[in-house]
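Spelled out, the chains give:
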Amino acid sequence: MNTHLNRNHKKIIFSVFLFILSFNLCGCFGKPKNFSSDDLTITLTVDFNERKSKDFNLYLSCDDVVFTAKKETASDLEAIGYEVSSLKGYCHELLSLNNQPTSSLIQKNDYYYFVNSEVSGGAKYTYVHFMFERNKVYWVCNFVCKSKDYSRIEKYIFQWADTITFKD
């Protein structure tokens, strides 16, 4: 009887250990924290750190994921040679820049997104691009992770994307 209790005790400890280990394998799943820039707010976790970037309005990273957000107006886009008059048109320009077919564009809630992978520095990365339009301003929000980690992180990326809000 003591052996049976001991085995059950070991199973419980092992299960708790696996549960804790599964959360520690990805360093970006702690307590929720809001990050904001300009009119955009996203809820990620305290594990993300803000980085300075001249290319993005918001640049955040943790051990496994990078998040960036860039705001572009129609006049900004026109100045660099793009004629964009709708969110879908903006998405098509981004698809083209990333050599992706228009069939890879998916609409969810009030945004569009697409996923692609690229090799950089010998490692393969997965990019998930989310596009929004608010008050005639376009936003592209990107999550980037190593492709080998994507299946483990994918559901969190979409949960985080659904927390993106804008001031009106």
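Everything below is about the structure printed above this text.
Throughout what follows, the structure given in this document is the object of discussion. (Residues numbered from 1 in each chain as written. Predicted model: local features only at pLDDT ≥ 70, side-chain atom pairs only at ≥ 80, totals over all residues. Heavy atoms only, no water.)

It is worth spelling out the packing of aromatic side chains at this point. Ring pairs (aromatic) are described by centroid distance and by the angle formed between their planes. Per the stated rule, a full pass over the model turns up 14 aromatic pairs. Here Phe-48 and Trp-160 contribute two aromatic rings whose centre-to-centre distance is 5.3 Å and whose plane-to-plane angle is 90°, an arrangement assigned as edge-to-face. With a gap of 112 residues between them, Phe-48 in the loop between β2 (40–45) and β3 (49–50) and Trp-160 in helix α4 (residues 147–161) connect regions that are remote in the sequence. Judged by relative accessible area, Trp-160 falls into the buried class, the value being 7%. Taking the centre distance of 5.1 Å and the plane angle of 50° together, the rings of Tyr-111 and Phe-132 count as tilted. In this pair, Tyr-111 sits in strand β7 (residues 111–120) while Phe-132 sits in strand β8 (residues 123–134), placing the two residues 21 residues apart along the sequence. Its relative accessible area of 1% is what places Phe-132 among the buried residues. (Phe/Tyr/Trp six-rings, centres within 6.5 Å; stacked < 30°, edge-to-face > 60°. Helix = DSSP H or I, 4+ residues; strand = E, 2+ residues; numbered from the N terminus. Buried < 20%, exposed > 50% of the residue type's maximum accessible area, 1.4 Å probe, protein only.)

Before going further, it helps to examine the sheet that holds strand β1 (residues 32–37). One open sheet holds the three strands; their spatial order is β1-β2-β10, and the pairing between them is antiparallel. Edge positions in the sheet fall to β1 and β10 (165–166), since each has one partner strand and no second. As paired strands, β2 and β10 are joined by two bridges and run antiparallel to one another. What sits directly across from Thr-41, in β10, is Thr-165. (Pairing = 2+ DSSP bridges.)

This part is about the pairing of β7. As defined by bridge partners, strand β6 (residues 106–108) adjoins β7 across three bridges and the pair is classed as antiparallel. Paired with Lys-108 across the strands is Tyr-111, a residue of β7. Joining the antiparallel neighbours β6 and β7 is a turn of two residues, in which Asn-109 adopts a positive phi near 50°. As defined by bridge partners, β7 adjoins β8 across nine bridges and the pair is classed as antiparallel. Across the sheet, residue Tyr-113 finds its bridge partner in β8, namely Phe-130. Taken together, β7 and the strand that follows it, β8, pair antiparallel across an intervening segment of two residues, in which Gly-121 is found at a positive phi of about 60°.

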